[in-house]
2 protein chains.
Amino acid sequence: MSAPEVVATYLVESYLPLEDAAEVIAGEQSTGTFVAVARETAELRRRFAARVVSVDELPPADLTHDLPGAVRIPGARRRRGRVRISFGLDNFGPSLPNLLAAVAGNLFELRQLAGIRLLDLDLPLAFAERYPGPQYGVSGTRELLKRPDGVLLGTIVKPSIGLPVEELRIVVRELAEAGIDFIKDDELMGNPPHSPLAERVAVVSEELDKVAARTGRRPMYAFNITDDLDRMAVNHDLVRDAGGTCVMVCVNLVGLAGLAWLRQRCELPIHGHRAMTGVFTRAPGLGIDFVAWSKLARLAGADHLHTNGLSNKFYETDDEVLRSITAVQQPLFESVAPSSLPSSPYETLPVLSSGQTPGLAPETYRRTNTTDLLVLAGGGIHGHPAGPAAGVTAMRAAWHCAVNGEDITTTAATNSALLQALETFGFPHA
Amino acid sequence: MSAPEVVATYLVESYLPLEDAAEVIAGEQSTGTFVAVARETAELRRRFAARVVSVDELPPADLTHDLPGAVRIPGARRRRGRVRISFGLDNFGPSLPNLLAAVAGNLFELRQLAGIRLLDLDLPLAFAERYPGPQYGVSGTRELLKRPDGVLLGTIVKPSIGLPVEELRIVVRELAEAGIDFIKDDELMGNPPHSPLAERVAVVSEELDKVAARTGRRPMYAFNITDDLDRMAVNHDLVRDAGGTCVMVCVNLVGLAGLAWLRQRCELPIHGHRAMTGVFTRAPGLGIDFVAWSKLARLAGADHLHTNGLSNKFYETDDEVLRSITAVQQPLFESVAPSSLPSSPYETLPVLSSGQTPGLAPETYRRTNTTDLLVLAGGGIHGHPAGPAAGVTAMRAAWHCAVNGEDITTTAATNSALLQALETFGFPHA
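What you see is a predicted model; the values in this text were computed from it and never measured. (Residues numbered from 1 in each chain as written. Chains lettered and ligands numbered in written order. Predicted model: local features only at pLDDT ≥ 70, side-chain atom pairs only at ≥ 80, totals over all residues. Heavy atoms only, no water.)

1. Some thoughts on the overall build of chain A
Secondary structure assignment for chain A yields 17 helices and 13 strands. In terms of C-alpha radius of gyration, chain A reaches 24 Å, essentially the compact-globule figure of 22 Å for 430 residues. Projected onto the principal axes, the alpha-carbon positions of chain A cover approximately 75 × 45 × 45 Å. Here chain A holds 430 residues, and 65% of them are scored as buried. Placing the 40 positive and 50 negative side-chain charges of chain A at their respective mean positions leaves the two points 2 Å apart. (Helix = DSSP H or I, 4+ residues; strand = E, 2+ residues; numbered from the N terminus. Rg over C-alpha atoms; globule rule 2.2 N^0.38 Å. Buried < 20%, exposed > 50% of the residue type's maximum accessible area, 1.4 Å probe, protein only. Lys, Arg positive; Asp, Glu negative; His and termini not counted. Charge placed at Lys NZ, Arg CZ, Asp CG, Glu CD.)

2. Some points on the interface of chain A and chain B
Reports of interface size often rely on the accessible area that becomes lost once the parts have come together. With 101 residues of chain A in contact, the opposing surface of chain B contributes 101 residues. For the pair chain A and chain B, the summed buried area comes to about 8,400 Å², and 58% of that belongs to carbon and sulfur atoms. Contact with chain B buries surface across chain A, with A:R39, A:E109 and A:R282 losing the most and accounting together for 10% of the total. Counting across the interface, chain A meets chain B through 12 salt bridges. For the pair chain A and chain B, the number of links is 40 residue pairs in polar contact (both at pLDDT 80 or more). Broken down by secondary-structure element, the contributors of at least two residues to the side of chain A that touches chain B are α2 (42–48), α3 (96–103), α6 (165–177), α8 (229–241), α9 (251–263), α10 (278–281), β10 (286–288) and α14 (379–382) of chain A. Looking at the side of chain A that touches chain B, its residues break down into 48 nonpolar, 32 polar and 21 charged. (Contact = heavy atoms within 4.5 Å. Buried area = accessible area lost by both parts, 1.4 Å probe. Salt bridge = Lys/Arg side-chain N within 4 Å of Asp/Glu carboxyl O. Polar contact = N/O pair within 3.5 Å; in protein donor to acceptor, adjacent residues only side chain to side chain. Nonpolar A, V, L, I, M, F, W, Y, C, P; charged D, E, K, R; others polar.)

3. Points about the side chain of A:N252
Residue and element names in this part refer to chain A. Within the secondary structure, N252 is located in helix α9. A relative accessible area of 14% means that N252 is categorised as buried. Side chain to side chain, N252 and T277 meet in a polar contact 2.9 Å long. In this structure the side chain of N252 is engaged in a polar contact, spanning 3.1 Å, whose partner is the side chain of W293. When residues no more than four places from it in sequence are discounted, the contact partners of N252 are R274, A275, M276, T277, F280 and W293.

4. Describing the layout of surface pockets
The space that makes up the largest pocket amounts to roughly 750 Å³. As for the largest pocket, its lining consists of 31 residues, and the residues nearest its centre are B:R117, B:L119, B:D289, B:E320 and B:R323. Secondary-structure elements contributing two or more residues to the lining of the largest pocket are β3 (79–88), β4 (115–122), α11 (290–299) and α12 (318–329) of chain B. Along the lines of polarity and charge, the residues of the lining of the largest pocket split into 12 nonpolar, seven polar and 12 charged. A domain-level breakdown of the lining of the largest pocket finds at least three residues from each of domain 1 (5–124) and domain 2 (137–425) of chain B. Looking at the second largest pocket, its volume works out to about 460 Å³. Forming the walls of the second largest pocket are 22 residues, and the residues nearest its centre are A:R117, A:P284, A:D289, A:E320 and A:R323. Of all the secondary-structure elements, those providing two or more residues to the lining of the second largest pocket are β3 (79–88), β4 (115–122), α11 (290–299) and α12 (318–329) of chain A. Tallying contributions element by element places α12(A) first for the lining of the second largest pocket, with three residues. Counted by class, the lining of the second largest pocket contains 10 nonpolar, four polar and eight charged residues. Looking at which domains feed residues into the lining of the second largest pocket, each of domain 1 (5–124) and domain 2 (137–425) of chain A supplies at least three. (1 Å grid on protein atoms, 1.4 Å probe; cavity = no way out; pocket = protein on both sides within 12 Å on 5 of 7 lines; lining within 4 Å. Points joined across faces, edges and corners; volume = space filled by probe spheres on them. Domains from an automatic or database assignment.)

5. Focus on the environment of A:P59
Residue and element names in this part refer to chain A. Inspection of the secondary structure assignment puts P59 in the loop between β2 (51–58) and β3. What makes P59 exposed here is its relative accessible area of 57%. Sequence separation between P59 and F48 is 11 residues; the distance between their C-alpha atoms is 32 Å.

6. Regarding the environment of A:T368
Residue and element names in this part refer to chain A. Relative to the helices and strands, T368 resides in helix α13 (residues 361–368). Owing to a relative accessible area of 15%, T368 belongs among the buried residues under this scheme. Distance in space between the C-alpha atoms of T368 and L322 is 7.2 Å, their sequence separation being 46 residues. Once residues within four sequence positions are removed from consideration, T368 is found in contact with L322, I325 and L373.

7. Comments concerning helix α5 (residues 137–145) of chain A
Residues and elements named next belong to chain A. Taken residue by residue, α5 has G137, V138, G140, T141, R142 and L145 as its buried positions. Residues of α5 that are buried make contact with β5 (152–156), β7 (220–224), β11 (304–306) and β12 (349–352). One or two positions beyond α5, positive phi appears at K146, with a value near 50 degrees.

8. Describing the domain arrangement of chain A
All names here are of chain A. In terms of domains, chain A is made up of domain 1 (5–124) and domain 2 (137–425). On a C-alpha basis, the centroid separation for the pair domain 1 and domain 2 is 36 Å. Counting residues at the interface gives 20 residues for domain 1, matched by 18 residues for domain 2. Here domain 1 packs against domain 2, burying approximately 1,600 Å² in sum over the two surfaces, 66% of which is carbon and sulfur. Contact with domain 2 buries area across many residues of domain 1, yet L96, R117 and L123 alone supply 37% of it, more than any other trio. Between the two partners, domain 1 and domain 2, sit three salt bridges. Between R117 and D289 there is a salt bridge, with the nearest N and O atoms lying 3.4 Å from each other. Here domain 1 is connected to domain 2 by 11 residue pairs in polar contact (both at pLDDT 80 or more). Looking at the side of domain 1 that touches domain 2, the elements with two or more residues in it are β1 (5–14), α3 and β4. Among the elements that make up the side of domain 1 that touches domain 2, the one with the highest residue count is β4 (eight residues). Residue classes in the side of domain 1 that touches domain 2 are distributed as 15 nonpolar, one polar and four charged.

9. Considerations on the pairing of β7(A)
All names here are of chain A. Most of β7 sits inside the fold, with five of its five residues counted as buried. A two-sided burial pattern is seen for β7, the buried positions comprising M220, A222 and N224 on one face and Y221 and F223 on the other. Pairing geometry for strand β6 (residues 182–184) and β7, over three bridges, is parallel. Paired with I183 across the two strands is Y221, which belongs to β7. Between β7 and its parallel partner strand β8 (residues 247–250), the chain crosses via α8, and the hand of that crossover is right-handed. (Pairing = 2+ DSSP bridges. Right-handed = clockwise from strand over helix to strand, strands pointing away.)

10. Things to note about the packing of aromatic side chains
Summed over the entire model, instances satisfying the criterion amount to 13 aromatic pairs over all chains. Measuring from ring centre to ring centre gives 6.1 Å for B:F280 and B:W293, while their planes differ by 50 degrees; the resulting arrangement is tilted. With B:F280 in helix α10 (residues 278–281) and B:W293 in helix α11, the pair connects residues that are 13 residues apart, well separated along the chain. Taking the centre distance of 5.7 Å and the plane angle of 50 degrees together, the rings of B:F290 and B:W293 count as tilted. Of this pair, B:F290 and B:W293 both sit in helix α11, three residues apart, which is roughly one turn of that helix. No difference in accessibility class separates B:F290 from B:W293, as the two residues are buried. A connected cluster of aromatic rings, assembled from ring pairs, spans A:F280, A:F290 and A:W293. (Phe/Tyr/Trp six-rings, centres within 6.5 Å; stacked < 30°, edge-to-face > 60°.)

11. A closer look at the relation of the copies chain A and chain B
Overlaying chain A on chain B yields an RMSD of 0.0 Å, the required transformation being a rotation through 180 degrees with an accompanying axial translation of 0.0 Å. Read as a symmetry element, the transformation amounts to a two-fold axis. Considering only C-alpha atoms, the part of chain A nearest the rotation axis is A:G255, at 2.4 Å. (Least-squares fit on C-alpha atoms with pLDDT ≥ 70 in both.)

12. Comments concerning the sheet that holds strand β10 (residues 286–288) of chain B
Residues and elements named next belong to chain B. Pairing is mixed across the open sheet formed by five strands, whose spatial order is β2-β3-β1-β4-β10. The sheet is open, and its two borders are formed by β2 (51–58) and β10, each paired with just one other strand. Across this sheet, the average inter-strand angle for adjacent strands is 20 degrees, counted without regard to direction. The pairing of strand β1 (residues 5–14) with β3 spans 10 bridges and is classified as antiparallel. In the strand pairing of β3, A8 is matched with I85. Together, β4 and β10 form the strand contacts of α11, whose direction differs from that of β4 by roughly 40 degrees. (Axes fitted to C-alpha atoms, helices over the stretch in contact; angles between N-to-C directions.)

Here's what the structure looks like:
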């Protein structure tokens, strides 16, 4: 049996032959330095050198351009390819931070590369032994919500920040009474002086308890517990002790290691927000692709993970968003049957948000072909001309149509909330 | 007295008028959403909306290009400018992760922007009350090393990974006997199965103790304790209990929040490695500049911080490196006298590394005009033809010449270690 290894897949651009560029990465990220040094024996290299597994040249891309400092070679054209490099697990052990040092450390700074992007990671099962992953996932979230099927429907409290706590109470009451499944804090709303988390938790919990007592269904509220780590743990306990059923964490802002640390202490589903992801995804020739990043966030324990939504207000195309949704739905350890995983199946719920409105439901369902989605409409619910409750009704009706193959315009003729929503927000994909 | 605020400085590129692009950022990162929502009152906006402080148009840059998804406007040219935006501290409180949500969250994904980079941050003193910053800094490091003046000279254990512990012993002994100030693990060497940290700590400490007993001077060894956070704390204790005097942390791999968390428990100087910084610094039109990032790393507690060195093997130019060194040397709270800071002066030691050799000493000293530097030569010491001890001698002699205005070639005529080094590695700046 061969020793366990991590295989990292990169998009590489270089004026060197791609095979040489791949060897530069493998050398820098394992046994190499810029000169030959004593004690770097053949035996040492055999055991510890990273190994180029494959190099597949790709056609040149329109959008790419040289990264600063890229070494040009007279007469050589820039080549672009998909490169797979294998690192022995023995080089770093099953540790997320130390894995990153090898697969995503200094290599972004190499002059030999005109473009470098980490696309994907294949991880050995040793990581599953250290990281239990999502504690609730899709099925656990559905159980807590008593929604065994259908799309899960949520919203973000708006305005993002500054809402007095007694107004928050009214917003939450209205949304909960309208039958929403999920409400979350904005990522900008943590535990600020003007609206301490403890006050928000107290007021929101009171309202949710009242609704639960009357309807038997308690919406999930994802309190943003993002903070310095010790404070984040205190925030978690505060939510748990008040009967809360979800915490939200901005994964990049506390770090993957911070998320994994929380997971060890966490008793609630973790709603993973992706704020700041754009800083390493948006430059086409540099960075870390969402596919690779989302695997690490799931391993670290994200039960829900933001993927962006169709027709969003941000830069990503629908195809890119669909690729992210698919990534989150894939098995984390591809060659391993879920039943042989040491703990969880690493099932994470994709969260679609940004610019979501009822008119997007048919296209979203057609292209994802699943209801295992948490669809968040912020402005699309709060901006409904008849208020947030009508916004919830319209979203629910739109998704009912989408899933049951009913024409949304026909339904809108007898559903004024839906009609108003479609008139206000339109059909981005019509 | 006005309420405390954070001022973030951005490089913005857009086809919108720059003032409009600045308002999009301010809106998205404080009170806005894509439609007007109930309860977003004028009073709420007055208290919580981020405010555009200044917009200074810059000439177009050669290297930049549109980020994907950037909205083009027919007839409009792309504009580029330096934009300062003020965020009330009350929006998030003095919390690093929550600060990031506002100044470095979703904004990188905005379609209205063809380029967006966080350049700098001016922080209010409230952050100093929460974050004590570096515990040792330049002066504390000098005290531990008994080197009140002169450049501090260090190296990285090479080969990067895979060295058997008994060979590590020999390397450390040789370096310590040659009078080196500082030795560090490679960032690729954490606590892997093939070379457990505990074994390395035991062997290295034994050798350093022997040298200290004989010479009265104990070199500082920065053990790489980067790991999952609870393990990182255990690693720290292991180093401390063995009499170690430094720990190394890859700041991006454990996160700024992870570093701040460690700082609260840490009794040793923290050597801050910058692996993975390139992922957010190298694309000219996207990301977070080293100037902004280094402030956060210092606040979080980095006693030493890697800045790269002149003539390095990575992509940065000498001017960029010098800008990074200067950034680390600046006061962290610019308008505040060090004596009125609640705890430390936030003094961090710049660490120059990558491709450093004796021939670079004169130019490095000429351009930095300081010896408050930790200069690390990896290959430049281990690759010396007469071995690492000669490598240390040559580096020390070269810096002596540089600081004392002596001609390095003249000195080399009577110093064979220096002569061999210059013959091997040359004068990158001659």
